[in-house]
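# Descriptive analysis of the structure
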Number of protein chains: 2
Amino acid sequence: MSQVTVKDVARLAKVSPRTVSNVVNDYTHVSADVRRRVLAAIDELGYRPNLVARNLRTGRTGLLALIVPEIDVPYFSELARAVIDVASAHGYRVMIDQTGHDHERERQLLTGSDRTMLFDGILFSPLVTQDEIDGIDAATVLPMILLGEHTFTGRFDHIAIDNERAAHEATTHLVATGRRRIAAVGVQPRETYRTPRQRTAGYLRALADAGLQPDDDLVVPAAQYHRRNGYDAARRLLTLDTPPDAIFCYSDLLAMGAMRAVQDAGRRIPDDVAIVGIDDIEEGRYAIPSLSTVALDKDVIATKALEQLVRRIEEPDRPATQIVVPHTLIERDSTRVADRTG
Amino acid sequence: MSQVTVKDVARLAKVSPRTVSNVVNDYTHVSADVRRRVLAAIDELGYRPNLVARNLRTGRTGLLALIVPEIDVPYFSELARAVIDVASAHGYRVMIDQTGHDHERERQLLTGSDRTMLFDGILFSPLVTQDEIDGIDAATVLPMILLGEHTFTGRFDHIAIDNERAAHEATTHLVATGRRRIAAVGVQPRETYRTPRQRTAGYLRALADAGLQPDDDLVVPAAQYHRRNGYDAARRLLTLDTPPDAIFCYSDLLAMGAMRAVQDAGRRIPDDVAIVGIDDIEEGRYAIPSLSTVALDKDVIATKALEQLVRRIEEPDRPATQIVVPHTLIERDSTRVADRTG
DNA sequence: TACATTCTTTGCCACGTTGCAAATCTGCTG
DNA sequence: CAGCAGATTTGCAACGTGGCAAAGAATGTA
């Protein structure tokens, strides 16, 4: 574990430390003989460049931070997988931090007791409110891309789907399969979160387009987007005097919980209650019944996010851009039109 | 983004750079007045210590690497969640790398083109074979803890469950619920992987203990432990002349796929086929039917792994230890004894 | 007042690397 | 063979920090 340095290599290869560095960094003008000697010495000593030292010199660390609420939420782990892979292709490695729905911690990660030059950039998938994002001084923050949330204000690069339209499509799909009493699960108590608000807006617009009356009883909040919250929400919906014949969940994970609740209550999916989610996590493809959903292409999100982040790292002052990633409604068994009596 | 350094703070606070460092590091003998001035200057300039520089000086980075095959496999993402949280409590942050079932990349991550002093330690959940582990020169590697795989050879710290016993319990549980034709899914083509072999051993021993004849047709390989592999394996089992009445899957994810295949084939779980997995991922708790499994406590694994790693970082030469984490059989609906005819 | 003791503050240097620019060497031209 | 361009190699310094030990200030003691 004792560190082998350029000096050691230089000594063994009988060249200057600087030359070793040249070889390591593929500097053009190095004679074949010297290169061979240096490489041999590197090999013999097991020399590895000390990235910390290199980074101190160059100002780059080759590390990115990916900040998500919880890595064990499938949407985020699937996204992380894509991000790590794409980052690797760009020569970066990825540190992952979880905010765990802790507002204070999120703000801290963001504005920076931790902004310590250890990372070249940040991919941030925040829960913080728009106000808080707006409160960040862009100049004091590392190159940062916001993922999947919030409205674009021109201060930070931003990658997201069109939440309002996605929700509209999901709801309209339920309407198209003959549903009339459509619930929405996932409104957030904190009204300043953008994503749920946009999805609710899309849901309401779809109802209006279909000439359906919105019903406050059918709009159920979910403090977090976990299976448990979907479960609880669906149970509550099923106890209504006139329960819904379809549930639009703001995430697939909510939908997984809702599906379980519906079946625990002895109702059939999709016959009695149709369910649709958003995210397209693999779990939904194997669920019984398989879950209809609005698919977000995480590979595309990761790819665009990294392109954008790398560009910003190289060119910190370029104007912020917003990228809207397309989504796709995927119809599976949980909304499949079956023999319906009623 | 221009870096504010101790020098800037020192200039503003009218003290030496060294004094700023003393304040930042809570050195005991600093007068209240100076401390106040320095803190004020830090605040005014927005100074944050440059971790790269600090790390170069101290030799510590505060970063750990967690290396897993795929972060979007629920077992690993749930483990990662625990690791990140526990690491954070120890003052470390966690970089995640995926080997993606790529052997070459795994070896590389391990032995080190990447062992570049950027991390203080490694948590490694490997797929590599025992031979490869044995081939690593412990002296050249960062402090490392092996997670959940392989037999203990005294060269690396190692944390795992007793795979053989876990498999034995799972199989015995199936026997106890009246199953007689019990399949096993998850044998690995590469015979040198330890975990699947240990699980197969436990499975076979349980059959023997129950006086049941092993049947090669019932032992199905799975190249990877994904839902798809479980699905394919189960489908194959169901086409046998005498299909199994129970399937023991070597991971919950395999079991999720198997459950789907069984139901796609029109068989009932657990009535026609009982299914049990290993891991206890949350997905299984919400599955329909809920999945019986052998639970591994990921919080305990993460906690012990970090304790162990931190100890090793502080004391690199201490003898390697092996920690066996307890497991628990959890009976849920997928093996629940129901009316069985036949 | 002189001296010991303790508290504060500081200067110097190194961690391992690479940018810069200068030094040295090679081969070629005339 | 001088002179020159280009190739190759090198020394120096610096990135920002903290360890070390010493310098300087303050306090207590005789």
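Quick caveat, the model's predicted, so the values are computed rather than measured.

One broad trend across soluble globular proteins is that nonpolar side chains are buried collectively. Membership of the largest hydrophobic core comes to 156 residues, with the highest contact counts inside it found for Ile96, Ile247 and Ile275 of chain A together with Ile96, Ile247 and Ile275 of chain B. Counting 38 residues, the second-largest nonpolar core is a separate cluster that includes Val52, Phe119 and Phe124 of chain A together with Leu63 of chain B.

Attention now moves to the sheet that holds strand S11 (residues 322–324) of chain B. Taken in spatial order, the twelve strands line up as S11(A)-S5(A)-S4(A)-S3(A)-S1(A)-S2(A)-S2(B)-S1(B)-S3(B)-S4(B)-S5(B)-S11(B) in an open sheet, and their pairing is mixed. The strands lining the two open edges of the sheet, one partner per strand, are strand S11 (322–324) of chain A together with S11 of chain B. Ignoring strand direction, the axes of neighbouring strands in this sheet form an average angle of 20 degrees. Sheet strands touched by helix H13 (residues 298–314) of chain B: strand S1 (63–68), strand S3 (121–124), strand S4 (144–147), strand S5 (157–160) and S11 of chain B. Its angle to S4 of chain B, the strand with the most contacts, is close to 155 degrees.

If you check the shell around DNA strand D, you find 26 residues, and the closest are Thr19 and Val34 of chain A together with Val6, Arg18 and Tyr47 of chain B. Counting only the atoms of DNA strand D that lie within 4 Å of the protein, the sugar and phosphate share comes to 61%. Contacts to DNA strand D include Ser21 of chain B, whose side-chain N or O atom sits 2.9 Å from a phosphate oxygen. Listing elements by their share of the surface near DNA strand D, those giving two or more residues are helix H2 (17–24) and helix H4 (51–58) of chain A together with helix H2 (17–24) and helix H4 (51–58) of chain B. Here the element with the most residues in the surface near DNA strand D is H4 of chain B; it accounts for five residues. Its residues assigned to classes, the surface near DNA strand D shows ten nonpolar, eleven polar and five charged.

Attention now goes to the interface of chain B and chain A. Taken together, the contact between chain B and chain A spans 57 residues of the former and 58 residues of the latter. Overall, the association of chain B and chain A removes approximately 5,100 Å² of surface from exposure, summing both partners, and the carbon and sulfur fraction of that is 59%. Between chain B and chain A we count ten salt bridges in total. With its nearest N and O atoms 3.3 Å apart, the salt bridge here joins Arg81 of chain A to Glu70 of chain B. Applying the counting rule to chain B against chain A returns 20 residue pairs in polar contact (both at pLDDT 80 or more). Elements represented by at least two residues in the side of chain B that touches chain A include exactly H4, helix H5 (74–89), strand S2 (93–98), helix H6 (103–111), helix H10 (227–238), helix H11 (252–264) and helix H12 (282–286) of chain B. A total of seven residues in the side of chain B that touches chain A trace back to one element, the largest contributor, which is H5 of chain B. A per-class count over the side of chain B that touches chain A returns 25 nonpolar, 14 polar and 18 charged. In this structure, strand S2 (residues 93–98) of chain A lies alongside S2 of chain B, joined through three bridges in antiparallel fashion. Directly across from Val94 of chain A, in S2 of chain B, lies its bridge partner Ile96 of chain B.

Before going further, it helps to spend a moment on the relation of the copies chain B and chain A. Rotating chain B by 180 degrees and translating it 0.0 Å along the rotation axis places it on chain A, where the RMSD comes to 0.1 Å. Both chain copies can therefore be described as sitting about a two-fold axis. The position closest to the rotation axis in chain B is occupied by the C-alpha of Met95 of chain B, lying 1.9 Å away.

This paragraph deals with the packing of aromatic side chains. The relative placement of two aromatic rings is captured by the distance of their centres and the angle of their planes. For the structure shown, the criterion picks out six aromatic pairs over all chains. Measuring from ring centre to ring centre gives 5.4 Å for Tyr75 of chain A and Phe76 of chain A, while their planes differ by 70 degrees; the resulting arrangement is edge-to-face. Judged by its relative accessible area of 14%, Tyr75 of chain A falls in the buried class. Looking at Phe76 of chain A, the relative accessible area reads 12%, which means it is buried. Relative to Tyr286 of chain B, the ring of Tyr231 of chain A lies with its centre 6.2 Å away and its plane at 75 degrees, an arrangement referred to as edge-to-face. Here the residue Tyr231 of chain A occupies a position in helix H10 (residues 227–238), and Tyr286 of chain B occupies one in helix H12, the pair thus bridging two chains. Each member of the pair, Tyr231 of chain A as well as Tyr286 of chain B, carries the same accessibility label: buried.

Moving on: the pattern of salt bridges. With the rule as written, the count across this model stands at 52 salt bridges over all chains. Between Arg268 of chain A and Asp272 of chain A there is a salt bridge, with the nearest N and O atoms lying 3.3 Å from each other. On the accessibility criterion, Asp272 of chain A (26% relative accessible area) is partly exposed. When the shortest N-O distance is used, the salt bridge between Arg165 of chain B and Glu169 of chain B registers 3.2 Å. With Arg165 of chain B and Glu169 of chain B both in helix H8 (residues 163–176), this residue pair falls four residues apart, about one helical turn. You can call Glu169 of chain B partly exposed: its relative accessible area is 24%. Connected through salt bridges with shared partners, the residues Arg227 and Glu283 of chain A together with Asp280, Glu282, Arg285 and Arg332 of chain B form a single ionic network.

Cut-offs used in this document
Residues numbered from 1 in each chain as written. Chains lettered and ligands numbered in written order. Predicted model: local features only at pLDDT ≥ 70, side-chain atom pairs only at ≥ 80, totals over all residues. Heavy atoms only, no water. Core = buried A, V, L, I, M, F, W, Y, C linked by side-chain atoms within 4.5 Å. Buried < 20%, exposed > 50% of the residue type's maximum accessible area, 1.4 Å probe, protein only. Pairing = 2+ DSSP bridges. Helix = DSSP H or I, 4+ residues; strand = E, 2+ residues; numbered from the N terminus. Axes fitted to C-alpha atoms, helices over the stretch in contact; angles between N-to-C directions. Contact = heavy atoms within 4.5 Å. Near = heavy atom within 4 Å. Polar contact = N/O pair within 3.5 Å; in protein donor to acceptor, adjacent residues only side chain to side chain. Nonpolar A, V, L, I, M, F, W, Y, C, P; charged D, E, K, R; others polar. Buried area = accessible area lost by both parts, 1.4 Å probe. Salt bridge = Lys/Arg side-chain N within 4 Å of Asp/Glu carboxyl O. Least-squares fit on C-alpha atoms with pLDDT ≥ 70 in both. Phe/Tyr/Trp six-rings, centres within 6.5 Å; stacked < 30°, edge-to-face > 60°.

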